[in-house]
Amino acid sequence: PARLVVLLSGTGTNLQALLDAIEGDPEGYGARVVAVGADRHGTLGAERAERAGIPTFVCRLGEYESREAWDAALTEAVAEHRPDLVVSAGFMKIVGKTFLAGFGDRFINTHPALLPSFPGAHGVRDALAHGVKVTGCTVHFVDDGVDTGPIIAQGVVEVTEEDTAEGEAALHERIKQVERKLLVEAVGRLARDGYRIEGRKVHLGHVGE
Ligand code: GAR
(Lines give C-alpha, C1' and ligand atoms only; values in the text may rest on other atoms or scores of the structure.)
Protein backbone atom coordinates (compact mmCIF):
# COMPACT_ATOMS: atom_id res chain seq x y z
CA PRO A 1 0.00 0.00 0.00
CA ALA A 2 0.98 3.62 -0.59
CA ARG A 3 2.54 5.39 2.40
CA LEU A 4 0.60 8.43 3.62
CA VAL A 5 1.82 11.16 5.94
CA VAL A 6 -1.07 13.32 7.20
CA LEU A 7 -0.49 16.90 8.40
CA LEU A 8 -3.07 18.60 10.61
CA SER A 9 -3.64 21.40 13.11
CA GLY A 10 -6.92 20.50 14.75
CA THR A 11 -9.58 17.94 15.42
CA GLY A 12 -8.50 15.50 12.71
CA THR A 13 -11.90 14.17 11.67
CA ASN A 14 -10.57 13.89 8.11
CA LEU A 15 -7.65 11.82 9.42
CA GLN A 16 -10.15 9.69 11.32
CA ALA A 17 -12.14 9.09 8.13
CA LEU A 18 -8.96 7.89 6.41
CA LEU A 19 -8.09 5.63 9.35
CA ASP A 20 -11.60 4.17 9.38
CA ALA A 21 -11.54 3.48 5.64
CA ILE A 22 -8.16 1.77 5.94
CA GLU A 23 -9.26 -0.27 8.94
CA GLY A 24 -12.42 -1.28 7.08
CA ASP A 25 -10.44 -2.64 4.14
CA PRO A 26 -6.71 -2.77 4.90
CA GLU A 27 -5.83 -4.66 1.71
CA GLY A 28 -8.26 -3.02 -0.67
CA TYR A 29 -7.91 0.65 0.24
CA GLY A 30 -4.44 0.88 -1.23
CA ALA A 31 -2.84 3.18 1.32
CA ARG A 32 -1.93 3.35 4.98
CA VAL A 33 -1.07 6.23 7.29
CA VAL A 34 2.58 5.90 8.35
CA ALA A 35 2.84 9.13 10.36
CA VAL A 36 0.87 12.20 11.43
CA GLY A 37 2.46 15.63 11.83
CA ALA A 38 1.07 18.73 13.51
CA ASP A 39 2.17 22.36 13.75
CA ARG A 40 1.33 22.51 17.44
CA HIS A 41 1.20 20.32 20.51
CA GLY A 42 -1.93 18.77 21.95
CA THR A 43 -4.13 18.42 18.86
CA LEU A 44 -7.06 16.03 18.93
CA GLY A 45 -5.81 14.84 15.54
CA ALA A 46 -2.49 13.65 16.99
CA GLU A 47 -4.41 11.96 19.81
CA ARG A 48 -6.42 10.04 17.22
CA ALA A 49 -3.17 8.92 15.56
CA GLU A 50 -1.66 7.80 18.85
CA ARG A 51 -4.78 5.84 19.65
CA ALA A 52 -4.33 4.04 16.32
CA GLY A 53 -0.66 3.33 17.09
CA ILE A 54 0.63 5.72 14.41
CA PRO A 55 3.81 7.74 15.06
CA THR A 56 3.34 11.50 15.42
CA PHE A 57 5.61 14.52 15.27
CA VAL A 58 5.20 18.23 15.93
CA CYS A 59 6.92 20.99 13.99
CA ARG A 60 6.17 24.37 15.56
CA LEU A 61 6.92 27.51 13.54
CA GLY A 62 7.68 29.45 16.74
CA GLU A 63 10.55 27.13 17.62
CA TYR A 64 12.58 28.05 14.52
CA GLU A 65 14.50 31.21 13.77
CA SER A 66 12.90 31.65 10.37
CA ARG A 67 10.07 30.35 8.24
CA GLU A 68 12.67 28.78 5.94
CA ALA A 69 14.22 26.86 8.85
CA TRP A 70 10.78 25.64 9.93
CA ASP A 71 9.99 24.59 6.36
CA ALA A 72 13.27 22.65 6.11
CA ALA A 73 12.61 20.91 9.44
CA LEU A 74 9.07 20.01 8.40
CA THR A 75 10.38 18.65 5.10
CA GLU A 76 12.90 16.51 6.93
CA ALA A 77 10.37 15.23 9.48
CA VAL A 78 8.00 14.18 6.69
CA ALA A 79 10.75 12.73 4.46
CA GLU A 80 11.85 10.46 7.28
CA HIS A 81 8.63 8.49 6.77
CA ARG A 82 9.20 8.10 3.01
CA PRO A 83 5.64 9.05 1.97
CA ASP A 84 4.14 8.34 -1.43
CA LEU A 85 1.51 10.99 -0.65
CA VAL A 86 1.36 13.78 1.91
CA VAL A 87 -2.14 14.88 2.90
CA SER A 88 -2.83 18.26 4.45
CA ALA A 89 -6.09 17.66 6.34
CA GLY A 90 -6.76 20.84 8.25
CA PHE A 91 -3.07 21.83 8.38
CA MET A 92 -3.38 25.58 8.82
CA LYS A 93 0.10 26.58 7.63
CA ILE A 94 1.45 27.43 4.21
CA VAL A 95 4.52 25.35 3.39
CA GLY A 96 7.57 26.84 1.68
CA LYS A 97 9.85 26.17 -1.27
CA THR A 98 11.85 23.35 0.34
CA PHE A 99 8.73 21.38 1.18
CA LEU A 100 7.27 21.86 -2.30
CA ALA A 101 10.57 20.84 -3.91
CA GLY A 102 10.43 17.63 -1.89
CA PHE A 103 6.76 16.74 -2.18
CA GLY A 104 5.25 19.10 -4.78
CA ASP A 105 3.58 16.49 -6.99
CA ARG A 106 2.68 14.28 -4.01
CA PHE A 107 1.20 16.87 -1.66
CA ILE A 108 -2.58 17.19 -1.51
CA ASN A 109 -4.82 19.48 0.51
CA THR A 110 -8.49 19.52 1.38
CA HIS A 111 -10.23 22.90 1.47
CA PRO A 112 -13.76 23.73 2.71
CA ALA A 113 -14.93 25.72 -0.34
CA LEU A 114 -15.31 25.31 -4.08
CA LEU A 115 -11.96 26.58 -5.34
CA PRO A 116 -10.93 28.84 -6.95
CA SER A 117 -13.56 30.68 -4.88
CA PHE A 118 -12.78 31.45 -1.24
CA PRO A 119 -9.19 30.26 -0.80
CA GLY A 120 -7.33 30.82 2.47
CA ALA A 121 -7.93 30.18 6.13
CA HIS A 122 -11.61 31.24 6.22
CA GLY A 123 -13.19 29.51 3.25
CA VAL A 124 -16.50 28.79 4.99
CA ARG A 125 -16.90 32.24 6.55
CA ASP A 126 -15.96 34.00 3.31
CA ALA A 127 -18.44 31.97 1.24
CA LEU A 128 -21.21 32.70 3.74
CA ALA A 129 -20.38 36.41 3.82
CA HIS A 130 -20.50 36.49 0.02
CA GLY A 131 -24.03 35.11 0.06
CA VAL A 132 -23.40 32.12 -2.21
CA LYS A 133 -26.21 29.56 -2.54
CA VAL A 134 -23.91 26.58 -3.03
CA THR A 135 -20.46 25.91 -1.68
CA GLY A 136 -18.56 22.72 -0.88
CA CYS A 137 -15.09 21.30 -0.65
CA THR A 138 -12.10 20.75 -2.89
CA VAL A 139 -9.30 18.18 -2.78
CA HIS A 140 -6.34 19.49 -4.77
CA PHE A 141 -2.60 19.27 -5.24
CA VAL A 142 -0.65 22.02 -3.51
CA ASP A 143 1.40 24.43 -5.62
CA ASP A 144 3.20 27.62 -4.59
CA GLY A 145 0.01 29.68 -4.34
CA VAL A 146 -2.63 29.60 -1.61
CA ASP A 147 -5.17 26.89 -2.56
CA THR A 148 -4.42 27.36 -6.26
CA GLY A 149 -3.10 23.93 -7.30
CA PRO A 150 -4.61 21.36 -9.72
CA ILE A 151 -8.04 20.13 -8.60
CA ILE A 152 -8.55 16.42 -7.96
CA ALA A 153 -12.16 16.30 -6.74
CA GLN A 154 -14.95 18.57 -5.53
CA GLY A 155 -18.16 18.09 -3.56
CA VAL A 156 -21.16 20.44 -3.46
CA VAL A 157 -23.13 21.58 -0.40
CA GLU A 158 -26.19 23.85 -0.48
CA VAL A 159 -26.26 26.91 1.73
CA THR A 160 -29.55 27.13 3.64
CA GLU A 161 -31.41 29.95 5.36
CA GLU A 162 -30.36 28.43 8.69
CA ASP A 163 -26.68 28.69 7.73
CA THR A 164 -27.15 32.38 7.13
CA ALA A 165 -28.65 32.73 10.61
CA GLU A 166 -26.50 30.24 12.53
CA GLY A 167 -23.29 31.07 10.77
CA GLU A 168 -20.07 29.36 9.95
CA ALA A 169 -20.04 26.36 12.30
CA ALA A 170 -23.27 24.72 11.11
CA LEU A 171 -22.33 25.08 7.45
CA HIS A 172 -18.75 23.90 8.06
CA GLU A 173 -20.07 20.78 9.77
CA ARG A 174 -22.22 19.89 6.73
CA ILE A 175 -19.30 20.59 4.41
CA LYS A 176 -17.08 18.31 6.49
CA GLN A 177 -19.53 15.44 6.13
CA VAL A 178 -19.12 15.64 2.35
CA GLU A 179 -15.42 16.45 2.61
CA ARG A 180 -14.46 13.35 4.60
CA LYS A 181 -16.00 11.04 1.99
CA LEU A 182 -14.46 13.03 -0.85
CA LEU A 183 -10.99 12.90 0.69
CA VAL A 184 -11.19 9.16 1.44
CA GLU A 185 -12.27 8.46 -2.11
CA ALA A 186 -9.72 10.77 -3.74
CA VAL A 187 -6.74 9.52 -1.71
CA GLY A 188 -7.75 5.90 -2.31
CA ARG A 189 -8.00 6.44 -6.05
CA LEU A 190 -4.68 8.27 -6.30
CA ALA A 191 -3.01 5.54 -4.26
CA ARG A 192 -4.57 2.58 -6.06
CA ASP A 193 -4.72 3.81 -9.63
CA GLY A 194 -1.81 6.21 -9.86
CA TYR A 195 -2.05 9.64 -11.48
CA ARG A 196 -0.28 12.13 -13.65
CA ILE A 197 -0.44 15.92 -13.41
CA GLU A 198 -0.40 17.85 -16.69
CA GLY A 199 -0.55 21.59 -16.21
CA ARG A 200 -3.74 22.21 -14.29
CA LYS A 201 -5.21 18.78 -15.07
CA VAL A 202 -5.01 15.69 -12.91
CA HIS A 203 -5.34 12.43 -14.82
CA LEU A 204 -6.22 9.43 -12.70
CA GLY A 205 -5.02 6.04 -13.79
CA HIS A 206 -1.63 4.48 -14.36
CA VAL A 207 0.98 6.62 -16.00
CA GLY A 208 1.13 5.76 -19.69
CA GLU A 209 -2.36 4.26 -19.68
C1 GAR B 1 -11.45 20.85 7.17
O2 GAR B 1 -12.75 21.29 6.87
C3 GAR B 1 -10.46 21.41 6.17
O4 GAR B 1 -10.98 21.58 4.89
C5 GAR B 1 -10.15 22.74 6.78
O6 GAR B 1 -10.04 22.46 8.14
C7 GAR B 1 -10.94 21.41 8.49
C8 GAR B 1 -10.20 20.38 9.31
O9 GAR B 1 -11.09 19.50 9.94
N10 GAR B 1 -8.95 23.27 6.23
C11 GAR B 1 -8.78 24.55 5.92
O12 GAR B 1 -9.60 25.41 6.16
C13 GAR B 1 -7.46 24.87 5.27
N14 GAR B 1 -7.43 26.22 4.79
P15 GAR B 1 -10.56 18.22 10.73
O16 GAR B 1 -9.40 18.68 11.62
O17 GAR B 1 -11.73 17.78 11.54
O18 GAR B 1 -10.13 17.21 9.73
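Residues numbered from 1 in each chain as written. Predicted model: local features only at pLDDT ≥ 70, side-chain atom pairs only at ≥ 80, totals over all residues. Heavy atoms only, no water.

**A closer look at the overall build of the protein chain**
Here comes step 1: For the protein chain, the helix and strand inventory stands at seven helices and nine strands.
Here comes step 2: For 209 residues, the compact-globule estimate of 2.2 N^0.38 gives 17 Å, and the C-alpha radius of gyration of the protein chain, at 17 Å, lies within 12% of that figure.
Here comes step 3: Along the first, second and third principal axes, the C-alpha set of the protein chain runs to 45 × 45 × 35 Å.
Here comes step 4: Taking all 209 residues of the protein chain together, the buried fraction comes to 49%.
Here comes step 5: Taking the intrachain contacts of the protein chain between residues at least 6 apart in sequence as the baseline, contacts between residues at least 24 apart amount to 61%. (Helix = DSSP H or I, 4+ residues; strand = E, 2+ residues; numbered from the N terminus. Rg over C-alpha atoms; globule rule 2.2 N^0.38 Å. Buried < 20%, exposed > 50% of the residue type's maximum accessible area, 1.4 Å probe, protein only. Contact = heavy atoms within 4.5 Å.)

**Comments concerning helix 2 (residues 44–51)**
Here comes step 1: Those residues of helix 2 not exposed but buried are G45, A46, R48 and A49. Down the axis, helix 2 shows its buried residues gathered within 155° of arc, on one side only.
Here comes step 2: Residues of helix 2 that are buried sit in contact with strand 1 (2–8), helix 1 (13–24), strand 2 (31–38) and strand 3 (56–58).
Here comes step 3: At the exit of helix 2 stands G53, carrying a positive phi of roughly 75°. (Arc of directions from axis to C-beta.)

**Observations regarding the nonpolar core**
Here comes step 1: Among the nonpolar cores identified, the biggest contains 43 residues, and V6, V33, I108, I152 and V187 are the most heavily contacted of them.
Here comes step 2: Elements with a contribution of two residues or more to this core: strand 1, helix 1, strand 2, strand 4 (85–88), helix 5 (123–130), strand 6 (134–141), strand 7 (151–158) and helix 7 (168–193).
Here comes step 3: The leading source of residues in this core is helix 7, at eight residues.
Here comes step 4: Residues V34, W70, A73 and A77 belong to the second largest nonpolar core, which totals 19 residues. (Core = buried A, V, L, I, M, F, W, Y, C linked by side-chain atoms within 4.5 Å.)

**As for the UniProt feature "domain: Formyl transferase N-terminal" (unreviewed entry) in the protein chain**
Here comes step 1: UniProt tags residues 3–187 as "domain: Formyl transferase N-terminal" (unreviewed entry).
Here comes step 2: In residues 3–187, the share of helix is 40% and the share of strand is 23%. The end C-alpha atoms are 11 Å apart. (UniProt positions renumbered as here; feature names shortened; annotations may be inferred.)

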